[in-house]
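What the coordinates show
Residues per chain are reported as follows:
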Amino acid sequence: MPEPAHPSNASVPPLPGFDARDILDNAPIGIFTSTPEGRLLSVNPAMAKMFGYDSPQEMIASVADIGRHLYADPADREAFKRLMEQHDQVVDQESRLRRRNGSVLWVSQNARVVRDTHGKITSYQGFIKDISVRKRTEERIAKLNQLKESLLGLEPFPTKMQRVTDAVVDIFNADFARIWLIRKGDLCQSGCDHADVVEGPHACRFRDTCLHLVASSGRYTHLDGKHRRVPFGSYKIGRVAASEQPGFLTNTVADDPWVHDQAWVKELGLVSFGGYRLQSHDGQTIGVLALFSRHELNEAEENLLKTIANTTSEVILVANSMDSLRASEERFRSLAEHMPMLINAITEDSCFVFWNRACESATGYSRQEILHNPEAIKLLYPDPSFRRQLAQEWAASGYNFVNKEIALRTKNGNKRIILWTNLPPQIALPREATWAVGLDITDRIITEEALREKSAELDRYFTSSLDLLCIANTQGQFLRLNPTWEEVLGYSVAELEGRIFLDFVHPEDLDATIKDVPAKSHRQSSRHSPAIIPTRALNS
C-alpha cells in the first residue's frame, strides 16, 4: 500500500504561538482547498475578495464547478488536473480566471495534492496570486514594441502618427488620444476659432507657433473640429507645449484648472488626462501627445506614456530630417538639371538614375532612353572590353575620380570626349549612386589637334624655306633661325641664337634698319615677332 504523499497535520504538534487560522484569514494571497471534481472546500478572505465575493462562505456556495465558473478557458482546468495527477503539484502555473462580475484576471497558482491512506487524491491545496497587473504590463510592453517596430517601416508619416494614437487608446484603454505638431499658423485668416481671441488666458499670441492636430483615435477621430488648431500656451494642450516639464498627468480632471470645459469632462465621465511634450534633441517643443481616460492612470502607465512620447518625438524628428533632405535633393536636382555641364548619377550595377539636359544635348539620348535602363551603359560604351576596363578602374578608385577623360558614343554614332569628376561625399546627395560632373572637351581637343597640325606644318615650312627666316624678341635678339642663315652668314644657328641682329647689318644700312625695324615690330601682335631684315644689309 503506498504511503501518503503528505502526512496528516494531526501528526504534527502545533508550534507554540502559531495560529494557523489567523495566518489563513490575513494572508495577502488566495489560499484554497478544492476537490478534483471541481468543488471548493475552503477559501480564505483574500481569495474571496480577489474574485469579487463578500465572504469565503459566499464564494464556496456560489462556485459549483471550478472549471466552468472560475476558468476563462475550461481546458486550463483540465491541464491543471493532469499536472497534479502526474507530478503531485503545479508550480507557478499561469492561467486566466473569471471574477464574479465576469471580468478576467490572470493568476499564478502553486498547489499540491492531498492523498488518503490508499493513495487516492482527495483534494488540492494551494495558493493563488493575482498577476493581472504584471500580465497587463507585459502585454502593454509587447504592444509598445510592436508599435516601435511598425514605426520603423516605410509608411507615410500621417499613418505613423495615427498608429501612435491608435496604440495609446488600445494599450491604456483611453477614451481618446491625439497628437498636435508645432507649425506656423495657417488658418488665422480663414476660419480658426482661436484667431480672434486677443485677451484672456486663451488668447492666440503666437501666430508663427501653432499646434496642428495631425492624428486622433478613440471617441474622436476627426481632424477638422474646433481643436484642429490650438494656440501655443493656451488651453491644456497649449500649456503642455509651453511648459518646461516633459509632461502633465492628473487623475482628477473634472477639478483640474488646466481643463477649461469641466462640464464636458463630467458629461463623458472622464477621470484622467495626460499630456506629454514631444521634444527635439535640444529640448525644444515640436508637438504634444495627449489622452483622456475614464479610469485613473498609475505611475507605471505614465512611464510607458513617456516612452511612447519619446518614441513619437524620434519619429517626428526623422520625418523632419527626411523632409529637409528631400527638399535639399529637389533643389540640387533642379539646379543640376539646368547646369550647362553634364551631370549624371549611376549605381554600382551601372544603371543611370539621373541624366540632365546637358547629357541629353551632348549624347543625343533622352532621359526616357537612359534612366533605369540596364542597357544604357552599352549604348554609350559599346565596346565590352572597354566597359570592363572602365568598371575595374572605377572600382579600384573607390568611385573617386578627378578629370577622367572618357570617350563615349553618341546616338548618331559620333565620338565625344568627356572630362569626368565625381562629386565628393560631403555634398548631401542621394548616395545610392555615384554622382559626377562632366565637361565635353571634344571641340577643345579637335582645336588643339588642329593647332598641333598647323604648328607642325609651319615648322616644316620654317625649316625648309630658302629665305632667311628668324624669330627675335623686342630687343633684337635672335630666338630661332632657319638653316638658311648658316649658308648666308657662315655662322651656325647655335652661334647666332641670342645675338643681336643689328650686329650683322651693313654699316651703310644701319640707320635705315634701326628706323624701319621698330615700325615693323610695332605692327606685330606677338612679343616674339619675326624680324624682317633686308638681305643686302647683312652682306658685308
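Higher on the page you've got the structure.
Here is a short report on the structure shown in this document. The model shown is predicted, which means the values in this text are computed figures rather than measured ones.

Brief notes about the sheet that holds strand S13 (residues 352-355)
- The strand order across the open sheet formed by five strands is S13-S12-S16-S15-S14, and the pairing between neighbours is antiparallel. The sheet terminates laterally at S13 and strand S14 (404-409), the two strands that pair on one side only. Taken over all neighbouring pairs, the strand axes of this sheet differ in orientation by 30° on average, direction set aside.
- When strand S12 (residues 342-346) meets strand S16 (residues 434-440), the two strands line up antiparallel, connected through five bridges. Within S16, the position partnered with Ile 346 by the bridge is Thr 434.
- Against the sheet, helix H14 (residues 384-396) engages S12 and S14, with an angle of about 150° to S14.
- The sheet contacts of helix H15 (residues 442-464) involve S14, strand S15 (415-422) and S16, and relative to S15 the element is tilted by about 120°.

Observations regarding the pattern of salt bridges
- Scanning the model with the defined rule gives 25 salt bridges in all.
- A salt bridge links Glu 94 to Lys 135; its shortest N-O distance comes to 3.2 Å. With Glu 94 in strand S3 (residues 89-98) and Lys 135 in helix H6 (residues 132-151), this residue pair connects regions lying 41 residues apart in the sequence.
- Take Glu 94: its relative accessible area is 34%, and that puts it in the partly exposed class.
- A salt bridge links Arg 367 to Glu 337; its shortest N-O distance comes to 3.0 Å.

Here we look at the side chain of Thr 442
- Along the chain, the position of Thr 442 falls in helix H15.
- Residue class for Thr 442 comes out buried when judged on its relative accessible area of 5%.
- A distance of 3.5 Å separates polar atoms of two side chains, one belonging to Thr 442 and the other to Arg 416.
- What Thr 442 contacts, discounting residues up to four positions off in sequence, is Lys 415, Arg 416 and Ile 417.

Here's the deal with the nonpolar core
- Ranked by size, the top nonpolar core spans 29 residues in total, and within it Val 168, Phe 172, Ile 179, Leu 278, Leu 289, Leu 291 and Ile 308 carry the most contacts.
- Mapped onto this core, the elements with two or more residues apiece are H6, helix H7 (157-172), strand S6 (176-183), strand S7 (210-218), strand S10 (272-279), strand S11 (285-293) and helix H10 (299-338).
- Beyond its immediate chain neighbours, meaning those up to four positions away, Ile 179 contacts Met 161, Val 164, Thr 165, His 212, Leu 213, Val 214, Ala 215, Leu 278, Val 288, Leu 289 and Thr 312.
- Counting residues in hydrophobic clusters, the runner-up holds 24 residues, among them Phe 80, Met 84, Leu 97 and Val 113.

A short note on a nonpolar patch on the surface
- Taken together, the side chains of Val 318, Met 322 and Leu 325 make up a nonpolar region of the molecular surface, amounting to roughly 240 Å² of accessible area.
- Relative to the helices and strands, Val 318 resides in helix H10.
- The class of Val 318 is partly exposed, set by a relative accessible area of 49%.

Concerning the environment of Leu 481
- Tracing the sequence through the fold places Leu 481 in strand S18 (residues 478-481).
- Here Leu 481 falls in the buried class, since its relative accessible area comes to 6%.
- Taking the C-alpha atoms as reference points, Leu 481 and Val 493, twelve residues apart in sequence, are found 6.4 Å from one another.

With respect to the packing of H6 against H10
- In contact at an axis separation of 11 Å, H6 and H10 are set at 5° when each is read in the N-to-C sense. Judged on the interaxial angle alone, H10 and H6 are roughly parallel. From H6, Arg 140, Ile 141, Leu 144, Leu 147, Lys 148 and Leu 151 reach across to H10, where they touch Glu 301, Leu 304, Thr 307, Ile 308, Thr 311 and Val 315.

Quick look at the packing of aromatic side chains
- As enumerated under the stated definition, the model contains 16 aromatic pairs in all.
- With a centroid separation of 5.4 Å and 85° between ring planes, the pair formed by Trp 264 and Phe 292 is classed as edge-to-face. Residue Trp 264 is found in helix H9 (residues 262-268), and its partner Phe 292 is found in strand S11; the two are separated by 28 residues along the sequence.
- Overall, the relative accessible area of 3% leaves Phe 292 in the buried class.

Digging into H14
- Compared with the 18 Å implied by 1.5 Å per residue over 13 residues, the 18 Å span of H14 between its first and last C-alpha is a close match.
- Of the residues making up H14, those classed as buried are Arg 387, Leu 390 and Trp 394. The buried residues of H14 occupy one face: seen down the axis, they fall within an arc of 65°. Set apart from the buried face of H14 by more than 90 degrees, the exposed residues are Arg 388, Gln 392 and Ala 396.
- Among the structural elements, S12, helix H13 (376-380) and S14 are those in contact with the buried residues of H14.
- Of the residues one or two after H14, Gly 398 is the one with positive phi, at around 70°.

Observations concerning the sheet that holds strand S4 (residues 104-115)
- Ordered in space as S2-S1-S5-S4-S3, the five strands form an open sheet in which the pairing is antiparallel. One side of each edge strand has no neighbouring strand; the edge strands of this open sheet are strand S2 (40-43) and S3. For this sheet the average axis-to-axis angle between neighbouring strands, irrespective of direction, equals 30°.
- When strand S1 (residues 30-34) meets strand S5 (residues 121-130), the two strands line up antiparallel, connected through five bridges. Counterpart to Ser 34 in the pairing with S5 is Tyr 124.
- The strands that helix H5 (residues 74-87) touches are S1, S3, S4 and S5; relative to S3, the one it contacts most, it runs at about 170°.

Some points on unusual backbone geometry
- In this structure, Asp 92 is a non-glycine residue whose phi angle is positive, near 50°.
- Structurally, Asp 92 is set in strand S3.
- We classify Asp 92 as partly exposed; its relative accessible area is 48%.
- One non-glycine residue with positive phi stands out, namely His 372, at about 60°.
- You can see His 372 is positioned in the loop between helix H12 (367-370) and H13.

Observations regarding the pairing of S2
- Both S1 and S2 contribute to a ladder of three bridges, which runs antiparallel. Bridge pairing in S2 links Thr 33 to Ser 42.
- What sits between S1 and S2 in their antiparallel hairpin is a turn of five residues, with Gly 38 showing a positive phi close to 110°.

Structural notes on the side chain of Arg 140
- Note on placement: Arg 140 falls in helix H6.
- Residue classification places Arg 140 among the buried residues on the basis of a relative accessible area of 9%.
- Look past the residues within four positions of Arg 140 in its chain and what remains in contact with it is Ile 171, Phe 172, Glu 301 and Leu 304.

Analysis parameters
- Residues numbered from 1 in each chain as written.
- Predicted model: local features only at pLDDT ≥ 70, side-chain atom pairs only at ≥ 80, totals over all residues.
- Heavy atoms only, no water.
- Pairing = 2+ DSSP bridges.
- Helix = DSSP H or I, 4+ residues; strand = E, 2+ residues; numbered from the N terminus.
- Axes fitted to C-alpha atoms, helices over the stretch in contact; angles between N-to-C directions.
- Contact = heavy atoms within 4.5 Å.
- Salt bridge = Lys/Arg side-chain N within 4 Å of Asp/Glu carboxyl O.
- Buried < 20%, exposed > 50% of the residue type's maximum accessible area, 1.4 Å probe, protein only.
- Polar contact = N/O pair within 3.5 Å; in protein donor to acceptor, adjacent residues only side chain to side chain.
- Core = buried A, V, L, I, M, F, W, Y, C linked by side-chain atoms within 4.5 Å.
- Patch = residues over 30% accessible without salt bridge, like charges linked within 9 Å, V, L, I, M, F, W, Y side chains within 5 Å.
- Areas by Shrake-Rupley, 256 points an atom, 1.4 Å probe, with all protein chains shown as cover.
- Parallel < 35°, antiparallel > 145°, perpendicular 65-115°, else oblique.
- Phe/Tyr/Trp six-rings, centres within 6.5 Å; stacked < 30°, edge-to-face > 60°.
- Expected span 1.5 Å × (residues − 1).
- Arc of directions from axis to C-beta.

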